[in-house]
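An overview of the molecular structure
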Amino acid sequence: MTHRFARTAGWLALPCLVAAGLLAWYVTREPASPFADAQATAADPALISRGEYVARLGDCVACHSLPDGKPFAGGLEMATPLGAIHATNITPDRDSGIGSYSLADFDRAVRQGVAPGGRRLYPAMPYPSYAKLSDDDVRALYAFFMHNVQPARQANLPSDIPWPLNLRWPIALWNGLFAATSPYADKPGQDAQWNRGAYIVQGPGHCGSCHTPRGLAFNEKALDEGGKPFLAGALLDGWYAPSLRADPNTGLGRWSEAEIAQFLKTGRNRHAVVFGSMTEAFNNSTQFMHDDDLAAIAHYLKSLPGDPQRDGAPWQYRVESAAARLDSPGAHTYVTRCASCHGLDGKGQAEWMPPLAGATSALARENASAINITLNGSQRVVAAGVPDAYRMPAFRQQLSDQEIAEVLSFVRTAWGNQGGAVDAQAVGKLRGHTDPASSSPIILHMR
């Protein structure tokens, strides 16, 4: 019996060792790159200029720069479900940055999340989207960082993720399951504008990183229009990134293509003004995009169908004045604190003070954005280098959790809004985990 057991164990040990060896190879290997044999080239002004534009499309500066730091030197703290991590130095400094990276090294890091030596990057770096970048855009991006960004000697900060959760080799398995693996390929049957918009949205723009709901493994549930969850709205870092599909209530169903492009170019339109995380994306990225690219993005987004089952019956404005409802909880607070900007009728003031009647934050079931903007106010919108004159103030010092809950409950049920009531406990929870938005303009420099 003992001999038989030993023989069986021996037979089992061999496939187990083979499997362990294959796993070790898979999680530590450096993936292939089309630039493996590429030679260093001299600085090409046209290529560098294109790379700077790709960096704008990808909003690289927003994560890898700090307002008082050197461009792309890293240091930004980012919260994750496992602990805080810090953006890295991506200047061409050879010791603390990426100055020693070959084009192939750079490509693996950007599109596959693998640093030299096989070290896996956390997917807070949106390489599942950047995987769709074209070879030409990667080459241009590399030229920009190597030749037009000033080297900065600044050591990278360690993460706060505890062992063993900070082990990086399992990320290779995550990548195999959830990350895109090849550059974007034009979809047959779609015109050039649609394909350009799809490329920007899915690839460098990495819109799904915020606007697509996540699965149990923190993966985006879909990476393109082939999945219904793609860009269907998601809760992230105390904000609700709304649907970018044709949902009339929580998405872009009531927006025209021209209005989408206007919003991305100027930060506002008749429906809304950028706030929350979108302010940073506008300040550093979308306003710098070419008009034809903005039109392509709008064209693509308007092609994505909504989901009536998820979104509900389309919103219709109900005529009423907040002054006529002073007996309702929260109405008096609205009249005294909010109506001077947003109107007794909830319609706002043209493109400067956004309407609350029909606002996504007043129609979405998720109330995080409504609470957050009321508690903490908004950042400055900086368009063409000029900070705006109007911003949503923070009310965390003026109003209690109950008062904020009541005024938001009023807004989310007035004028035909159907977002529903807000609980004071939800306000208190966000109050404890968020901070007031800065009233000073935050302008991040690329050079």
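You'll find the chain entered in an unreviewed UniProt entry as Cytochrome c, with Pseudomonas fortuita given as the organism.

Moving on to the overall build of the chain. Per the secondary structure count, the chain includes 19 helices and eight strands. On C-alpha atoms alone, the chain measures out to a radius of gyration of 24 Å, which is about the 22 Å that the 2.2 N^0.38 rule sets for 447 residues. Across its three principal directions, the C-alpha atoms of the chain cover 85 × 70 × 45 Å. The burial tally for the chain puts 49% of its 447 residues in the buried class.

Moving on to the nonpolar core. Phe72, Phe106, Phe144, Phe145, Tyr300 and Leu301 are the most contacted members of the largest nonpolar core, which totals 69 residues. Of all the elements, helix 6 (residues 135-147) adds the most residues to this core, at seven residues. Apart from the residues within four sequence positions on either side, phenylalanine 72 is in contact with Cys60, Val61, His64, Ser65, Thr88, Asn89, Ile90, Thr91, Phe144, Phe145, Val149 and Met446. Core analysis: the second largest hydrophobic core is formed by 28 residues, Ala362, Ile371, Ile404 and Val411 among them.

What follows is about helix 7 (residues 169-178). Every buried residue of helix 7 is accounted for by Ile171, Ala172, Trp174 and Asn175. Viewed along the axis of helix 7, the buried residues span an arc of 160°, placing them on a single side of the element.

Here we take up helix 10 (residues 257-266). Here helix 10 has its buried residues at Glu259, Ile260, Ala261, Phe263 and Leu264. Residues of helix 10 that are buried sit in contact with helix 11 (277-284) and helix 12 (291-301). At the exit of helix 10 stands glycine 267, carrying a positive phi of roughly 85°.

What counts and what doesn't
For every chain, the first residue of the written sequence is number 1, and numbering continues from 1 along that sequence. Totals for whole chains, interfaces and linings use all residues, but because this is a predicted model, local features are given only for residues with pLDDT of at least 70 and pairs of side-chain atoms are given and counted only at 80 or more. Side-chain metrics rest on all non-hydrogen atoms present in the structure, leaving aside hydrogens and water. A run of H or I in DSSP becomes a helix once it reaches four residues, and a run of E becomes a strand once it reaches two; helices and strands are each numbered from the N terminus. This radius of gyration counts C-alpha atoms alone. The globule rule is 2.2 Å times how many residues there are, raised to the power 0.38. Here the term buried applies to any residue with accessible area under 20% of the maximum for its type, exposed to any over 50%, and partly exposed to those in between, with areas from a 1.4 Å probe on protein chains only. To form a nonpolar core, buried Ala, Val, Leu, Ile, Met, Phe, Trp, Tyr and Cys residues must be joined to one another through side-chain atoms within 4.5 Å. Here, two residues are considered to be in contact whenever any of their heavy atoms come within 4.5 Å of each other. Throughout, the arc means that of the directions going from the helix axis to the C-beta atoms.

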